[in-house]
Amino acid sequence: MAASVADDAQGTGSAGPNHGLRIFLIWLPVAVAADLLLYFVYGPHMPPGQMSNTAASQQFDIKVMSVLAAPIMAFVLVAMGYSMIVWRHREGDDEDGPPIFGNVRIQATWITVTAVIVLFLAGFGTYELAWPGFAGAGSGEGPAPIWKPNGTTLQVQVIAQQWRFTYRYPQFGGFETTALMLPVGEPIQFNVTSLDVIHSFWAYQLGVKADANPGVNNVAYTTATQTGNITVRCAELCGLWHGAMFNFGKVVSVAAFTAWAHKTEIQLAAVTKILPPYATSYDPTVVPQINKAMAKAGIGGANGYYYPPQDPVQP
Amino acid sequence: VSLPARVATLVLAFLAVAAVALFVVIHYFLGGPPTVDYSSGVTPDTGATVHVVMQEDPQNTVSTHPDWVSYFIQDPKTHAWIHTTLFKVPAGSKIDMTIYGYDGCTPLRNPYFGRVTGTIGGVEDVDGKPVKVINSWSGCNVGHTFSIPGINLNVPMASPGLTASLCGTSPCTSGPHKTMTFSFMSPKGTGEYFWQCRVPCGGGFIDGFGGPMQTIGFMTGNMEVVS
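Residues numbered from 1 in each chain as written. Chains lettered and ligands numbered in written order. Predicted model: local features only at pLDDT ≥ 70, side-chain atom pairs only at ≥ 80, totals over all residues. Heavy atoms only, no water.

Caption draft 1: Broad picture of helix α4 (residues 104-130) of chain A. Residue and element names in this part refer to chain A. The end-to-end C-alpha separation of α4 is 39 Å, in line with the 39 Å expected for 27 residues at 1.5 Å each. Among the residues making up α4, those that are buried are Phe124, Glu128 and Ala130. Residues of α4 that are buried sit in contact with α3 (53-86). At the N-terminal end of α4, a side-chain oxygen is found 3.0 Å from the backbone nitrogen of Arg105, two or three residues along, and the residue is Asn103. (Helix = DSSP H or I, 4+ residues; strand = E, 2+ residues; numbered from the N terminus. Expected span 1.5 Å × (residues − 1). Buried < 20%, exposed > 50% of the residue type's maximum accessible area, 1.4 Å probe, protein only. Contact = heavy atoms within 4.5 Å. Polar contact = N/O pair within 3.5 Å; in protein donor to acceptor, adjacent residues only side chain to side chain.)

Set out below in structure tokens:
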């Protein structure tokens, strides 16, 4: 038996069974079945769902990755199972296995296949990063996005602070609220920033994830394609209550959103007046009004003092 | 070395390691401030009124961090001030809060949280006067906040003022202060709701957000709702 394996491995064309063909014939239906099940049965239920164009795009990516990975995994399992059954140790066979000197055909096939897969994934990944609609696929693109959607977008500023997200709507008077309400079918531009440490805005069902850095505007785009509830979580360990930093939002019809926005703008007018003017980011150490008030009273030190960067010395 | 000596050494070493492990578990995991129980004797989910009393101080002289700002909670039975930020309330009850604000002022990082939310009527009373918004950026107006994000509760704590000579020994029993009163309904069903101050009041820490802001027993804690 050991000799026939050696012959096969070296491609010497012995009279033994063609193990490679056998493994291929077992692997082929397993791989095809796994791919069909993954793409058509489990695929539509894969995270993060299809609530927005970015989420649907991410789900498609995961499906493609799974379809590529399943045959490889199937091959490993089939080869392992085949080896365990066919080449298992038999009673009385204490002979060492034959030395293996390599096989040019197998090596060339392996290098070619893996190179094709890796190069395909590089191209596919780059394309998908820009898609859908070449708008960044829901990821944070920094303050100067490379990929932008066409047309006008609804601006929603996400302000992270320990341990809550608030949202500003600059096209509706700049009101700020803890409720995230979005219209269906309209391109949305999230401007994500932080007032203290690094957080991450992760609107799971929308397929949007963007880091919230203090003093930085991180832009991410999406277009919701279905109405429903969304969950927002902080995805960056941000302190004692990081685990409790989440809230829920809603995607509603354009009419319902417009009505809500106008109503909320009026309701929050008193607090909007005391907010700083809308900006894409805020310097959390600068409060001109309070510095003025403190200076007038001659106050310094911890009492009434807005901690400057040198208190204590920043790392 | 004799066998008994080796066995004795092994046992002693094992006991020493076990003692260290026990100390770590007790000191770091099981230790912590006590929970003040406001649920005792109250039937949950009946809308019964529970009166919770707290104070915020410019320091905490009863702790190992005397220069950290701190909340205290009053024991409902003994009326003693407890150095803790953990309290327990019955579910589905009206919680009447009284908070004495003895600390000075620091502006909110986000002035949005100068708005009162989640209270009955959307207001708090500051020294008996109803208030809906306090602007912490226009002067020495806000000392701290009492915020429970899980029930959208946010109440800014007014400050006794810039020139007030603040109480220097905790818990404060005299000195300039503001009295904030407000009410909210505790959620139906059991749960843990963390609460926090939103003013960056951790003096001596980066941007004021370390130390007492990140430590249970000072400027953040838990409200346990029980049935």
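Caption draft 2: Spatial organisation of the pairing of strand β3 (residues 70-74) of chain B. All names here are of chain B. Counting buried positions along β3 gives five out of five residues, so the element sits mostly inside the fold. The alternating pattern of β3 places Ser70, Phe72 and Gln74 on one face and Tyr71 and Ile73 on the opposite face, and all of these are buried. With four bridges joining them, strand β2 (residues 49-57) and β3 adopt antiparallel strand pairing. Following the sheet pairing, Glu56 is matched in β3 by Tyr71. Linkage of β3 to strand β4 (residues 81-82), two consecutive antiparallel strands, is achieved through a turn of six residues, within which His79 is found at a positive phi near 65°. (Pairing = 2+ DSSP bridges.)

Caption draft 3: How the structure looks around the domain arrangement of chain A. Residue and element names in this part refer to chain A. The domains assigned to chain A are domain 1 (2-88 + 101-130) and domain 2 (141-296). A C-alpha centroid distance of 43 Å is found between domain 1 and domain 2. The interface is formed by eleven residues belonging to domain 1 together with 17 residues belonging to domain 2. At the surface where domain 1 touches domain 2, the tally comes to zero salt bridges. Of all elements in the fold, only α3 and α4 reach the threshold of two or more residues within the side of domain 1 that touches domain 2. Here the side of domain 1 that touches domain 2 takes four residues from α3, the largest share from any one element. For the side of domain 1 that touches domain 2, the per-class residue count stands at six nonpolar, five polar and no charged. (Domains from an automatic or database assignment. Salt bridge = Lys/Arg side-chain N within 4 Å of Asp/Glu carboxyl O. Nonpolar A, V, L, I, M, F, W, Y, C, P; charged D, E, K, R; others polar.)

Caption draft 4: Quick peek at the packing of aromatic side chains. Residues and elements named next belong to chain A. Under the defined criterion, the tally for this structure stands at 25 aromatic pairs over all chains. Taken together, a centroid distance of 5.4 Å and an interplanar angle of 80° make the contact between Tyr82 and Trp87 edge-to-face. Judged by relative accessible area, Tyr82 falls into the buried class, the value being 7%. For Trp87, a relative accessible area of 28% gives the class partly exposed. Aromatic side chains Tyr169 and Trp260 sit 5.3 Å apart centroid to centroid with 70° between the ring planes, which places their arrangement in the edge-to-face category. One end of the pair, Tyr169, is in strand β2 (residues 164-169); the other, Trp260, is in helix α5 (residues 254-267), and 91 residues separate them in sequence. Take Tyr169 and Trp260: they sit in the same class, and that class is buried. Members of the aromatic cluster, connected to one another through ring pairs, are Tyr169, Phe172, Phe175, Phe257 and Trp260. For Lys63, the ring lying beneath its charged end belongs to Tyr39, and the centroid distance is 4.5 Å. (Phe/Tyr/Trp six-rings, centres within 6.5 Å; stacked < 30°, edge-to-face > 60°. Lys NZ or Arg CZ within 6 Å of the ring centre and 35° of its normal.)

Caption draft 5: Here's a closer look at the sheet that holds strand β4 (residues 180-183) of chain A. Residues and elements named next belong to chain A. Strand order in the open sheet formed by five strands is β4-β10-β9-β6-β7, and the pairing between neighbours is mixed. Of all the strands in the sheet, just β4 and β7 (208-212) have a single pairing partner and so form its edges. Neighbour to neighbour, the strand axes of the sheet diverge by 20° on average, direction disregarded. Both β4 and strand β10 (residues 246-252) contribute to a ladder of four bridges, which runs parallel. Bridging from a neighbouring strand, Leu182 pairs with Val251 of β10. Lying over the sheet, α5 contacts β4 and β10, oriented at roughly 140° with respect to β4. (Axes fitted to C-alpha atoms, helices over the stretch in contact; angles between N-to-C directions.)

Caption draft 6: Representation of a nonpolar patch on the surface within the structure. All names here are of chain A. A cluster of nonpolar side chains, Leu21, Phe24, Leu25, Leu28, Val32, Leu36, Leu37, Phe40 and Val41, forms an exposed patch at the surface whose accessible area comes to about 850 Å². Mapped onto the secondary structure, Leu21 falls in helix α2 (residues 19-42). Given the relative accessible area of 44%, Leu21 is considered partly exposed. (Patch = residues over 30% accessible without salt bridge, like charges linked within 9 Å, V, L, I, M, F, W, Y side chains within 5 Å. Areas by Shrake-Rupley, 256 points an atom, 1.4 Å probe, with all protein chains shown as cover.)

Caption draft 7: Molecular detail of the side chain of Gln59 of chain B. Residues and elements named next belong to chain B. Within the element layout of this structure, Gln59 appears in the loop between β2 and β3. Here Cys167 takes part through its backbone oxygen, which lies 3.3 Å from a polar atom of the side chain of Gln59. Not counting chain neighbours up to four residues away, the residues in contact with Gln59 comprise Pro66, Trp68, Val69, Ser70, Phe72, Cys167, Gly168, Thr169, Ser170 and Cys172.

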